[in-house]
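Single-letter residue listing:
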Amino acid sequence: MGKRLEERTGVLFPGMALFFVLAVFVLGACSSAPERPAELFTVRNETETQLNLANREADRGNYEGALTLLEEARRLAASTDRPPLLIRVWLSQGNVFFSLGRVEEARALWNAALTEAERAGEEELAAASRIYMARGVLILGEDTGAPQKVIAAVTEDLARLTSDKLNSALGWTVIGLAEKELRRWTEAENALTKALDIHEKDRYLELAAYDWYLIASVRSVSGQYASALEALSRALDLDRRAENSYGLGMDWLALGDVYQKAARGDEALAAYRRSAEIFRAIGLEKEAAEAERRAR
(Lines give C-alpha, C1' and ligand atoms only; values in the text may rest on other atoms or scores of the structure.)
Protein backbone atom coordinates (compact mmCIF):
# COMPACT_ATOMS: atom_id res chain seq x y z
CA MET A 1 0.00 0.00 0.00
CA GLY A 2 2.84 2.37 0.92
CA LYS A 3 4.54 1.65 -2.39
CA ARG A 4 1.38 2.27 -4.39
CA LEU A 5 0.92 5.59 -2.54
CA GLU A 6 4.45 6.57 -3.53
CA GLU A 7 3.67 5.69 -7.11
CA ARG A 8 0.52 7.78 -7.04
CA THR A 9 2.21 10.85 -5.63
CA GLY A 10 5.40 10.46 -7.59
CA VAL A 11 4.18 9.13 -10.92
CA LEU A 12 0.48 9.54 -11.38
CA PHE A 13 0.59 13.08 -9.85
CA PRO A 14 4.13 14.29 -10.55
CA GLY A 15 3.24 18.02 -10.10
CA MET A 16 1.69 17.51 -6.69
CA ALA A 17 4.98 17.15 -4.86
CA LEU A 18 6.29 20.30 -6.53
CA PHE A 19 3.11 22.15 -5.54
CA PHE A 20 3.60 21.27 -1.91
CA VAL A 21 7.23 22.37 -2.05
CA LEU A 22 6.30 25.72 -3.61
CA ALA A 23 3.45 26.24 -1.16
CA VAL A 24 5.76 25.71 1.79
CA PHE A 25 8.34 28.08 0.24
CA VAL A 26 5.77 30.83 -0.38
CA LEU A 27 4.25 30.52 3.08
CA GLY A 28 7.71 30.64 4.60
CA ALA A 29 8.63 33.71 2.55
CA CYS A 30 5.43 35.50 3.56
CA SER A 31 5.94 34.78 7.21
CA SER A 32 9.43 36.31 7.14
CA ALA A 33 8.63 39.32 4.88
CA PRO A 34 8.56 42.77 6.55
CA GLU A 35 5.14 44.16 7.39
CA ARG A 36 3.81 46.49 4.71
CA PRO A 37 3.54 50.12 5.88
CA ALA A 38 0.12 51.50 6.72
CA GLU A 39 1.05 54.85 5.16
CA LEU A 40 3.70 56.11 2.73
CA PHE A 41 5.59 59.39 3.19
CA THR A 42 7.93 59.48 0.19
CA VAL A 43 6.32 62.39 -1.64
CA ARG A 44 5.49 64.17 1.62
CA ASN A 45 9.13 64.03 2.67
CA GLU A 46 10.21 65.33 -0.73
CA THR A 47 7.75 68.21 -0.36
CA GLU A 48 9.09 68.98 3.12
CA THR A 49 12.61 69.13 1.70
CA GLN A 50 11.54 71.54 -1.07
CA LEU A 51 9.65 73.70 1.42
CA ASN A 52 12.57 73.91 3.85
CA LEU A 53 14.97 74.83 1.04
CA ALA A 54 12.57 77.49 -0.21
CA ASN A 55 12.14 79.02 3.24
CA ARG A 56 15.89 79.14 3.70
CA GLU A 57 16.36 80.89 0.34
CA ALA A 58 13.67 83.41 1.32
CA ASP A 59 15.44 84.05 4.63
CA ARG A 60 18.56 84.79 2.58
CA GLY A 61 16.75 87.28 0.36
CA ASN A 62 16.70 85.02 -2.70
CA TYR A 63 12.99 85.46 -3.33
CA GLU A 64 12.94 84.42 -6.99
CA GLY A 65 14.80 81.22 -6.18
CA ALA A 66 12.42 80.60 -3.29
CA LEU A 67 9.40 80.97 -5.58
CA THR A 68 10.80 78.41 -8.00
CA LEU A 69 11.28 75.91 -5.18
CA LEU A 70 7.84 76.68 -3.79
CA GLU A 71 6.14 76.04 -7.12
CA GLU A 72 7.56 72.52 -7.08
CA ALA A 73 6.62 72.11 -3.41
CA ARG A 74 3.08 73.21 -4.26
CA ARG A 75 2.82 70.68 -7.08
CA LEU A 76 4.03 67.88 -4.82
CA ALA A 77 1.75 68.94 -1.96
CA ALA A 78 -1.25 68.98 -4.31
CA SER A 79 -0.39 65.49 -5.56
CA THR A 80 -0.50 64.08 -2.00
CA ASP A 81 -3.77 65.88 -1.15
CA ARG A 82 -2.51 66.56 2.39
CA PRO A 83 -4.13 69.84 3.57
CA PRO A 84 -1.50 70.68 6.24
CA LEU A 85 1.30 70.44 3.69
CA LEU A 86 -0.51 72.55 1.10
CA ILE A 87 -1.40 75.17 3.73
CA ARG A 88 2.22 75.55 4.77
CA VAL A 89 3.30 75.97 1.14
CA TRP A 90 0.65 78.67 0.61
CA LEU A 91 1.79 80.52 3.72
CA SER A 92 5.40 80.50 2.52
CA GLN A 93 4.45 81.56 -1.01
CA GLY A 94 2.40 84.43 0.43
CA ASN A 95 5.35 85.50 2.56
CA VAL A 96 7.65 85.64 -0.47
CA PHE A 97 5.10 87.53 -2.58
CA PHE A 98 4.67 90.03 0.26
CA SER A 99 8.44 90.54 0.46
CA LEU A 100 8.44 91.24 -3.29
CA GLY A 101 5.70 93.83 -2.89
CA ARG A 102 3.06 91.63 -4.52
CA VAL A 103 0.63 92.30 -1.70
CA GLU A 104 -2.65 91.18 -3.28
CA GLU A 105 -1.16 87.83 -4.31
CA ALA A 106 0.16 87.38 -0.80
CA ARG A 107 -3.23 88.12 0.74
CA ALA A 108 -4.98 85.72 -1.63
CA LEU A 109 -2.66 82.90 -0.61
CA TRP A 110 -2.97 83.64 3.12
CA ASN A 111 -6.76 83.72 2.79
CA ALA A 112 -6.70 80.42 0.90
CA ALA A 113 -4.51 78.93 3.64
CA LEU A 114 -6.90 80.11 6.36
CA THR A 115 -9.97 78.81 4.52
CA GLU A 116 -8.37 75.40 3.95
CA ALA A 117 -7.12 75.19 7.54
CA GLU A 118 -10.59 75.92 8.93
CA ARG A 119 -12.18 73.45 6.53
CA ALA A 120 -9.71 70.72 7.48
CA GLY A 121 -9.98 71.42 11.20
CA GLU A 122 -6.30 72.41 11.43
CA GLU A 123 -6.58 74.85 14.33
CA GLU A 124 -2.86 75.59 14.64
CA LEU A 125 -2.43 76.29 10.94
CA ALA A 126 -5.51 78.52 10.99
CA ALA A 127 -3.88 80.48 13.83
CA ALA A 128 -0.63 80.68 11.85
CA SER A 129 -2.52 81.96 8.81
CA ARG A 130 -4.07 84.75 10.86
CA ILE A 131 -0.64 85.68 12.24
CA TYR A 132 0.75 86.02 8.70
CA MET A 133 -2.19 88.22 7.78
CA ALA A 134 -1.78 90.35 10.92
CA ARG A 135 1.90 90.86 10.08
CA GLY A 136 0.91 92.13 6.64
CA VAL A 137 -1.63 94.59 8.09
CA LEU A 138 0.94 95.88 10.58
CA ILE A 139 3.74 96.39 8.05
CA LEU A 140 1.49 98.09 5.50
CA GLY A 141 0.21 100.52 8.15
CA GLU A 142 -3.24 100.69 6.58
CA ASP A 143 -5.00 100.89 9.96
CA THR A 144 -3.91 103.43 12.58
CA GLY A 145 -5.26 101.18 15.32
CA ALA A 146 -3.49 98.13 13.93
CA PRO A 147 -0.77 97.71 16.59
CA GLN A 148 -3.24 97.29 19.47
CA LYS A 149 -5.51 95.04 17.40
CA VAL A 150 -2.57 92.95 16.23
CA ILE A 151 -1.24 92.43 19.74
CA ALA A 152 -4.65 91.27 20.99
CA ALA A 153 -5.32 88.98 18.03
CA VAL A 154 -1.86 87.43 17.86
CA THR A 155 -1.73 86.86 21.61
CA GLU A 156 -4.98 84.92 21.29
CA ASP A 157 -3.64 82.87 18.39
CA LEU A 158 -0.36 82.14 20.18
CA ALA A 159 -2.35 80.24 22.81
CA ARG A 160 -3.50 77.88 20.04
CA LEU A 161 0.04 77.17 18.80
CA THR A 162 0.89 74.43 21.26
CA SER A 163 3.34 72.51 19.05
CA ASP A 164 4.23 74.82 16.14
CA LYS A 165 7.46 76.44 17.35
CA LEU A 166 8.36 78.38 14.22
CA ASN A 167 4.98 80.03 13.85
CA SER A 168 4.99 80.75 17.59
CA ALA A 169 8.27 82.59 17.01
CA LEU A 170 6.66 84.50 14.15
CA GLY A 171 3.81 85.47 16.45
CA TRP A 172 6.24 86.90 19.01
CA THR A 173 8.05 88.76 16.22
CA VAL A 174 4.78 90.34 15.09
CA ILE A 175 3.94 91.35 18.66
CA GLY A 176 7.43 92.83 19.01
CA LEU A 177 6.97 94.91 15.87
CA ALA A 178 3.56 96.10 17.08
CA GLU A 179 5.01 97.10 20.46
CA LYS A 180 7.74 98.99 18.63
CA GLU A 181 5.08 100.90 16.69
CA LEU A 182 3.56 101.86 20.05
CA ARG A 183 7.02 102.96 21.24
CA ARG A 184 6.93 100.49 24.11
CA TRP A 185 10.58 99.58 23.85
CA THR A 186 10.88 97.13 26.75
CA GLU A 187 7.78 95.18 25.70
CA ALA A 188 9.01 95.12 22.10
CA GLU A 189 12.42 93.72 23.02
CA ASN A 190 10.89 91.17 25.39
CA ALA A 191 8.65 89.82 22.62
CA LEU A 192 11.49 89.69 20.10
CA THR A 193 13.67 87.89 22.65
CA LYS A 194 11.03 85.16 22.95
CA ALA A 195 11.27 84.61 19.18
CA LEU A 196 15.07 84.62 19.47
CA ASP A 197 15.00 81.96 22.19
CA ILE A 198 13.05 79.61 19.92
CA HIS A 199 15.31 80.17 16.92
CA GLU A 200 18.57 79.86 18.87
CA LYS A 201 17.46 76.70 20.66
CA ASP A 202 16.71 74.95 17.35
CA ARG A 203 19.70 76.53 15.56
CA TYR A 204 17.81 78.51 12.95
CA LEU A 205 20.83 80.72 12.43
CA GLU A 206 19.40 83.08 9.79
CA LEU A 207 16.21 83.63 11.78
CA ALA A 208 18.10 84.19 15.02
CA ALA A 209 20.30 86.73 13.21
CA TYR A 210 17.18 88.53 12.01
CA ASP A 211 15.85 88.60 15.59
CA TRP A 212 19.03 90.38 16.72
CA TYR A 213 18.66 92.74 13.74
CA LEU A 214 15.14 93.65 14.90
CA ILE A 215 16.27 94.01 18.51
CA ALA A 216 18.97 96.39 17.27
CA SER A 217 16.29 98.38 15.45
CA VAL A 218 14.27 98.76 18.67
CA ARG A 219 17.35 99.87 20.58
CA SER A 220 18.38 102.28 17.85
CA VAL A 221 15.05 104.11 17.60
CA SER A 222 14.97 104.41 21.39
CA GLY A 223 18.41 106.06 21.34
CA GLN A 224 20.36 103.14 22.80
CA TYR A 225 23.11 103.20 20.19
CA ALA A 226 25.77 101.25 22.05
CA SER A 227 23.44 98.33 22.79
CA ALA A 228 22.09 98.50 19.21
CA LEU A 229 25.63 98.05 17.91
CA GLU A 230 26.06 95.11 20.28
CA ALA A 231 22.89 93.47 18.92
CA LEU A 232 24.08 93.96 15.33
CA SER A 233 27.39 92.37 16.27
CA ARG A 234 25.40 89.30 17.37
CA ALA A 235 23.50 89.36 14.08
CA LEU A 236 26.75 89.52 12.12
CA ASP A 237 28.16 86.54 13.99
CA LEU A 238 25.12 84.38 13.27
CA ASP A 239 24.89 85.42 9.62
CA ARG A 240 28.57 84.62 9.16
CA ARG A 241 28.05 81.19 10.69
CA ALA A 242 25.11 80.64 8.33
CA GLU A 243 27.04 82.08 5.35
CA ASN A 244 24.04 84.34 4.82
CA SER A 245 25.45 87.01 2.52
CA TYR A 246 22.16 88.90 2.17
CA GLY A 247 21.83 89.08 5.95
CA LEU A 248 25.42 90.28 6.25
CA GLY A 249 24.80 93.07 3.75
CA MET A 250 21.74 94.16 5.71
CA ASP A 251 23.61 93.98 9.02
CA TRP A 252 26.40 96.25 7.77
CA LEU A 253 23.84 98.65 6.29
CA ALA A 254 22.13 98.87 9.69
CA LEU A 255 25.51 99.32 11.38
CA GLY A 256 26.15 102.29 9.10
CA ASP A 257 22.81 103.84 10.11
CA VAL A 258 23.49 103.40 13.84
CA TYR A 259 27.04 104.77 13.54
CA GLN A 260 25.60 107.74 11.67
CA LYS A 261 23.08 108.42 14.45
CA ALA A 262 25.85 108.14 17.03
CA ALA A 263 27.89 110.78 15.11
CA ARG A 264 30.61 108.24 14.24
CA GLY A 265 30.91 109.26 10.61
CA ASP A 266 34.07 107.39 9.61
CA GLU A 267 32.75 104.11 10.98
CA ALA A 268 29.40 104.71 9.26
CA LEU A 269 31.17 105.26 5.93
CA ALA A 270 33.21 102.07 6.33
CA ALA A 271 30.07 100.07 7.23
CA TYR A 272 28.14 101.34 4.20
CA ARG A 273 31.02 100.48 1.89
CA ARG A 274 31.27 97.01 3.41
CA SER A 275 27.55 96.52 2.84
CA ALA A 276 27.83 97.61 -0.79
CA GLU A 277 30.76 95.27 -1.36
CA ILE A 278 28.82 92.28 -0.01
CA PHE A 279 25.67 93.06 -2.00
CA ARG A 280 27.66 93.51 -5.18
CA ALA A 281 29.44 90.20 -4.58
CA ILE A 282 26.10 88.38 -4.69
CA GLY A 283 24.73 90.31 -7.64
CA LEU A 284 22.32 92.61 -5.76
CA GLU A 285 23.13 95.85 -7.57
CA LYS A 286 20.07 97.76 -6.33
CA GLU A 287 20.97 97.09 -2.68
CA ALA A 288 24.63 97.90 -3.35
CA ALA A 289 23.65 101.22 -4.92
CA GLU A 290 21.52 102.12 -1.89
CA ALA A 291 24.43 101.38 0.47
CA GLU A 292 26.72 103.56 -1.66
CA ARG A 293 24.12 106.36 -1.70
CA ARG A 294 24.11 106.40 2.10
CA ALA A 295 27.89 106.53 2.11
CA ARG A 296 27.92 109.86 0.26
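Residues numbered from 1 in each chain as written. Predicted model: local features only at pLDDT ≥ 70, side-chain atom pairs only at ≥ 80, totals over all residues. Heavy atoms only, no water.

## A few points about the confidence of the model for the chain
When pLDDT is averaged across the chain, the result is 89; 86% of the residues are at 70 or more. Confidence drops under pLDDT 50 across residues 1-13; counting only partners more than four residues distant or on other chains, this segment forms 4 contacts. Within the model, the stretch residues 16-29 combines pLDDT values under 50 with 0 contacts to residues more than four positions away or in other chains. (pLDDT = per-residue confidence, 0-100. Contact = heavy atoms within 4.5 Å.)

## Quick notes on helix α4 (residues 63-80)
The first and last C-alpha atoms of α4 sit 25 Å apart over 18 residues, in line with the 26 Å expected at 1.5 Å per residue. Listed in full, the buried residues belonging to α4 are A66, L67, L70, A73, L76, A77 and T80. Buried-residue contacts for α4 involve α3 (42-59) and α5 (83-99). N-capping of α4 is provided by N62, with a side-chain oxygen placed 3.1 Å from the backbone N of G65. (Helix = DSSP H or I, 4+ residues; strand = E, 2+ residues; numbered from the N terminus. Expected span 1.5 Å × (residues − 1). Buried < 20%, exposed > 50% of the residue type's maximum accessible area, 1.4 Å probe, protein only. Polar contact = N/O pair within 3.5 Å; in protein donor to acceptor, adjacent residues only side chain to side chain.)

## Points about the side chain of N244
Locating N244 in the fold gives a position in the loop between α12 (225-242) and α13 (245-261). If sequence neighbours within four positions are ignored, N244 has contacts with D59, R60, E206 and D239.

## Description of the side chain of Q50
Along the polypeptide, Q50 turns up in helix α3. When sequence neighbours within four positions are dropped, the list of residues in contact with Q50 reads L69, E72, A73 and L76.

## Quick notes on the nonpolar core
Of all hydrophobic cores here, the largest spans 74 residues; its most connected members are L91, V150, V154, V174, W212 and L255. Among the elements that line this core, the one with the most residues is α5, at 9 residues. Look past the residues within four positions of V174 in its chain and what remains in contact with it is I131, R135, L138, V150 and V154. (Core = buried A, V, L, I, M, F, W, Y, C linked by side-chain atoms within 4.5 Å.)

## Points about the packing of aromatic side chains
All chains considered together, the criterion is met by 4 aromatic pairs. Relative to Y132, the ring of W110 has its centre 6.0 Å away and its plane inclined at 50°; by these criteria the two rings are tilted. Of the two residues, W110 sits in helix α6 (residues 103-120) while Y132 sits in helix α7 (residues 123-140), which places them 22 residues apart along the sequence. Centroid distance Y210 to Y213: 6.0 Å. Interplanar angle 15°. Geometry classified as stacked. (Phe/Tyr/Trp six-rings, centres within 6.5 Å; stacked < 30°, edge-to-face > 60°.)

## A few points about helix α14 (residues 265-281)
For α14, with 17 residues, the first-to-last C-alpha span of 24 Å sits near the 24 Å given by 1.5 Å per residue. Listing the buried residues of α14 in full gives A268, A271, Y272, S275, A276, I278 and F279. Each buried residue of α14 lies within a common arc of 165° when the element is viewed along its axis, so the set occupies one face. Facing away from the buried side of α14 by more than 90 degrees, the exposed set consists of D266, R273, E277 and A281. Looking at the buried side of α14, the elements it contacts are α13 and α15 (285-295). In the stretch just after α14, G283 is the one whose phi turns positive, near 80°. (Arc of directions from axis to C-beta.)

## Some words on unusual backbone geometry
A positive phi angle is found at D81, which is not glycine, with a value near 55°. Positionally, D81 belongs in the loop between α4 and α5. D81 gets classed as exposed once you look at its relative accessible area, which sits at 66%. Here R183, not a glycine, exhibits a phi torsion of approximately 65°, which is positive. Tracing the sequence through the fold places R183 in the loop between α9 (165-181) and α10 (185-201).

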